[in-house]
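One-letter residues, chain by chain:
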Amino acid sequence: MKFSIKVTLKKDVLDPQGKVVQQTLQNMGMSMLKSLRQGKYFEIEINEINESKAKDQIENMCKKLLVNLIIEDFEISKI
Amino acid sequence: MNSSVIVFPGSNCDRDVAVALGKLKFKNTMVWHKETILPKSDLIVIPGGFSYGDYLRSGAIAAKSNILNEVINAANNGCLVLGICNGFQILTEAGLLKGVLLRNKNLKFIGKDIYVKTLNTDNKFCNKYKQDQVLKFNIAHNEGNYFTSLDHLKKLEDQNLIPFKYCDSKGTINEESNPNGSLNNIAGIFNERKNILGLMPHPERMVDQIISNNNGINLFASLLN
């Protein structure tokens, strides 16, 4: 079973990289651009056929290593 | 006094720390991260560098290595733990210190000499310094921008758990003297028991007048007190 994990910085955390990307796009003439935040993306395949069990395991991976919960949020989806 | 310096793939300040400890006659052992047994230690140093190439997040992978379980146990039993630069990042990722080190505000790697002000000398790490003493240290990092919750920040200030803040050569702590955007100019913090210190500047680079200055030697000398 395969999942995607989207990791984003929490709202209150400064995202200087995102800011620079946003400014660059705006400098390139994309004036409609309102805001931009940069994040991370993982694809994980695991040996488990029960979807809810699989999701629990993925969530555990996120909490234990993939995500720093002080500054990041995550979202798991099945692919 | 027995010390252990933990070495990860990508550590690059481990030998500098060993030299500093050697100057003060610590009985030091270098400990590879795959070890599962820590030699008897009064002090554990997690040195600077780029453990695991800073993959995922700085310090995140090193924080899950074999030896860190032993470091966590020792720290919880009161052993002194010093994390410098990447070592500070590893301590936060391992949960031994609260908060996180974000990318520098200006997005640049900063390698230069800076000043810090000593704000707490009543502890094992800084007792050889004078209150409000200004020290010239060196920083070399890309993620040194300390961030934490407002509650924790208040606790750090109220309980005097911030021994070092960035300042200018005269000791003024303000936005201009903050190199990386760190909250309240924080350069280093303690845990509540003050047996764990994490700091971004490198005191081990300042232990010899010939190559720099010796402002850092008293940090290691304090530990012998």
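These figures come from a predicted structure and were not determined experimentally. (Residues numbered from 1 in each chain as written. Chains lettered and ligands numbered in written order. Predicted model: local features only at pLDDT ≥ 70, side-chain atom pairs only at ≥ 80, totals over all residues.)

Student: Teacher, can you tell me more about helix α2 (residues 51-66) of chain A here?
Tutor: Along an α-helix, residues three or four apart share an orientation, since each turn contains 3.6 residues. All names here are of chain A. Among the residues of α2, those classed as buried are Ala54, Ile58, Cys62 and Leu66. On an axial view of α2, the arc spanned by its buried residues comes to 85°, and they lie on one face. With respect to the buried face of α2, the exposed residues turned more than 90 degrees away are Ser52, Lys53, Asn60, Lys63 and Lys64. Looking at the buried positions of α2, the neighbouring elements they touch are β1 (2-9), β2 (39-45) and β3 (72-78). (Buried ≥ 20, exposed ≤ 12 C-beta atoms within 10 Å, placed from the backbone. Helix = DSSP H or I, 4+ residues; strand = E, 2+ residues; numbered from the N terminus. Arc of directions from axis to C-beta. Contact = placed C-beta atoms within 7 Å.)

Student: Just checking my understanding: could you explain the nonpolar core for this structure?
Tutor: Buried together is how nonpolar side chains tend to be arranged in soluble globular proteins. With 70 residues, the main nonpolar core has B:Ile6 and B:Val116 as its most contacted residues. Top element by residues in this core is helix α2 (residues 66-76) of chain B. It accounts for five residues. Excluding residues that lie within four positions of it along the chain, B:Val116 makes contacts with B:Leu135, B:Phe137, B:Phe164, B:Lys165, B:Tyr166, B:Cys167, B:Ala187 and B:Pro201. One finds A:Phe3, A:Ala54, A:Ile58 and A:Cys62 within the second-largest nonpolar core, a separate group that totals six residues. (Core = buried A, V, L, I, M, F, W, Y, C linked by C-beta atoms within 7 Å.)

Student: How should I be thinking about the interface of chain A and chain B in this particular structure?
Tutor: A common measure of how large an interface is: the accessible area buried when the components associate. Every contact between the two is made by nine residues of chain A and, on the other side, ten residues of chain B. Considering each element in turn, the side of chain A that touches chain B owes the most residues, three residues, to helix α1 (residues 16-27) of chain A.

Student: What's the story with the sheet that holds β3(A) in this structure? I'm lost.
Tutor: Where strands meet in a sheet, backbone hydrogen bonds hold them as pairs that are either parallel or antiparallel. Residues and elements named next belong to chain A. Across the sheet, which stays open at both edges, the three strands sit in the order β2-β1-β3 with antiparallel pairing between neighbours. Because the sheet does not close on itself, it has two edges, and the strands there are β2 and β3. Ignoring which end each strand starts from, the neighbouring axes of this sheet average 20° apart. Pairing of β1 with β2, which is carried by seven bridges, proceeds in the antiparallel orientation. Residue pairing for β2: lysine 2 is matched across the bridge by glutamate 45. (Pairing = 2+ DSSP bridges. Axes fitted to C-alpha atoms, helices over the stretch in contact; angles between N-to-C directions.)

Student: I keep staring at the pairing of strand β2 (residues 27-32) of chain B and nothing clicks. Help me out?
Tutor: Look at any regular strand and the pattern is simple: side chains alternate between the two faces of the sheet. Looking at chain direction, strand β1 (residues 2-7) of chain B and β2(B) are connected through six bridges and run parallel. Looking across to β2(B), one finds that B:Ser3 is bridged to B:Asn28.

Student: What should I look at first to understand the sheet that holds strand β3 (residues 43-46) of chain B in this one?
Tutor: All names here are of chain B. With respect to topology, nine strands assemble into an open sheet ordered β2-β1-β3-β4-β11-β10-β9-β6-β7, the strand pairing being mixed. Bordering the open sheet on either side are β2 and β7 (134-141), each of which pairs with just one other strand. Strand-to-strand twist of the sheet, defined as the mean angle between neighbouring strand axes without regard to direction, takes the value 25°. Bridge analysis of strand β10 (residues 186-190) against strand β11 (residues 196-199) gives three bridges, and the strand direction is antiparallel. For glycine 188, the partnering residue across the bridge sits in β11 and is leucine 199.

Geometry only, nothing functional implied.
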